[in-house]
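# Topology and contacts: notes
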Amino acid sequence: MQSRMLQATWLLVVMTACRPTGQQGAPAQQVRADGSSTVFPITEAMAEEFRAQRPDVQVTAAVSGTGGGFKRLCAGEADLVGASRPIKGAELEACAKSGVTFVELPVAYDGLAVVVNPRNTWAQAITVEELRKIWQPESQGRVMTWKDVRADWPDTPLRLFGPGVDSGTYDYFTEAIIHREHASRGDFTSSEDDNILVQGVSRDEGALGFFGYGYYAENQDKLRLLPVDDGNEANGAGAVAPSPETVRNGSYQPLSRPLFVYVSARALERPEVLSFISFYLQQAPKLVGQVGYVPLQERGYQLAQRRLEARTPGSLFGGKGAQVGVTVESLLEKAGPGL
C-alpha cells in the first residue's frame with residue numbers, strides 16, 4: 001500500500017488525479033478540507049474512496065495544523081477541518097465573531113506515541129514524571145542529557161522532536177504531561193509535518209519525540225516505542241505501550257485522545273459537502289483502522305451521525321480545548337436527544 005503518511009508532507013494535497021468539470025465546462029463541485037496532520041491520513045483515505053463514487057466532486061486538503069485549520073474554518077476558507085483536540089474558547093469566539101457555526105463530529109481515537117531511535121539501548125520505558133521533567137519549560141538549559149533524566153542512563157545528549165505549537169497534538173501532550181496546555185521548553189525541533197519528526201528521531205541516537213500513533217505504525221522499522229507508566233498504582237498496568245487495543249480499552253493513559261472533524265454549517269447546505277461528510281462517518285469504522293488509528297465504538301458513530309443530521313452546533317467540550325481521559329461516547333450519551 002502506498003504510504004499515506006508520506007503524502008502529508010505536501011502543503012496542499014489534491015485528492016483527485018484531475019480536475020473534472022461539470023456539464024458545459026462548469027467547474028467541478030469542490031470540498032475544501034484543512035487542519036490536523038494527524039487527522040489528514042483519515043481524510044485522505046475517505047477522499048480516495050469517495051472519488052470512486054463521486055468523480056464529479058473534487059476534495060482538496062491542506063495541512064496547517066489544528067490551530068491553523070480552525071483559523072481557516074472561522075474565516076470561511078475551509079468547509080471542514082480535522083482536529084486532534086477540541087476547539088478552544090478563543091477559537092469559538094473567532095467563529096462567532098465572523099458568523100461561522102459548525103458541527104463537531106468525533107471520528108476516531110489516537111494514542112500519542114513516545115519514540116526513540118532504535119540504537120537507544122538504555123531506555124526501555126519512561127514515566128509520566130520523567131516526561132514532565134524533560135518537557136516542562138523550567139527544564140530548558142538544565143535537562144540536556146539522558147543522564148539528567150535518570151541517573152543510570154548515559155550522558156548522551158538529549159535531542160527533542162515534537163509537533164509545532166499550532167498542532168492539537170502539541171496542545172494535548174502539554175496538557176496531559178505538564179498539566180499546562182501550550183506550555184513546554186522551546187529548544188526542540190518542531191514541525192507541523194510529522195514525517196520530518198520521524199526522520200529526525202530515526203537519524204539521531206539520542207533523540208526522543210512524540211506524535212500520533214499512526215505515524216509510528218507507518219515507520220516501525222525506523223523507530224522504537226517507549227511504553228509509558230502513568231504512575232497510577234490503582235490501575236496496576238505499569239508501563240504501557242500504545243496500540244489499537246490499549247487505546248481502545250483506555251489502559252494507555254494519559255496519552256490517548258479523540259480525533260474530530262469540524263464542518264461548517266453553511267458548507268453543509270451544499271449537497272457535495274453533506275454527501276462527503278456523511279460518507280466519512282459511514283466508512284470510518286472500516287477505514288480508520290486501515291490508516292493506523294482506532295475506530296470509535298459503533299454507538300459513537302451512530303450518535304455522531306445523529307449529531308450531523310440534527311446540525312447540532314457548538315462543542316461537547318465547552319471551548320475548554322484538550323481534556324484528558326474522556327470518551328466521546330460518554331459525552332454524546334450525556335448530551336441526550338439533541339446531542
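Scroll up a little and you will see the structure.
The model shown is predicted, which means the values in this text are computed figures rather than measured ones. (Residues numbered from 1 in each chain as written. Predicted model: local features only at pLDDT ≥ 70, side-chain atom pairs only at ≥ 80, totals over all residues. Heavy atoms only, no water.)

## Describing the side chain of S278
By the secondary structure assignment, S278 is in helix α9 (residues 271-290). Residue S278 is classed as buried on the basis of its relative accessible area of 12%. Among residues more than four places away in sequence, those in contact with S278 are Q305 and L308. (Helix = DSSP H or I, 4+ residues; strand = E, 2+ residues; numbered from the N terminus. Buried < 20%, exposed > 50% of the residue type's maximum accessible area, 1.4 Å probe, protein only. Contact = heavy atoms within 4.5 Å.)

## A word on α9
For an α-helix, 3.6 residues make a turn, and residues three or four places apart therefore share a direction. The end-to-end C-alpha distance of α9, which contains 20 residues, comes to 27 Å, matching closely the 28 Å that a straight helix rising 1.5 Å per residue would cover. The largest bend in α9 is about 70°, located at A284, with the proline P285 one to four residues further on. The first or second residue beyond α9 is G292, which carries a positive phi of 95°. (Expected span 1.5 Å × (residues − 1). Bend = angle between axes of the 7 residues up to and from the residue.)

## Regarding the state of the cysteines
All told, the structure shown has one disulfide when counted by the stated rule. Here C74 connects covalently by a disulfide to C95, the sulfurs 2.0 Å from one another. When the S-S torsion is -80°, as for the bridge of C74 with C95, the disulfide is left-handed. Placement of the pair is C74 in helix α2 (residues 65-74) and C95 in helix α3 (residues 89-97), with a sequence separation of 21 residues. No difference in accessibility class separates C74 from C95, as the two residues are buried. (Disulfide = S-S within 2.5 Å.)

## Observations concerning the sheet that holds strand β6 (residues 126-127)
Overall, mixed pairing links the three strands, which are arranged β6-β11-β12 in an open sheet. Only two strands of the sheet have a single partner each, and these edge strands are β6 and β12 (239-240). Where strand β11 (residues 228-229) lies against β12, two bridges are found, and the strand directions are antiparallel. Directly across from V228, in β12, lies its bridge partner V240. (Pairing = 2+ DSSP bridges.)

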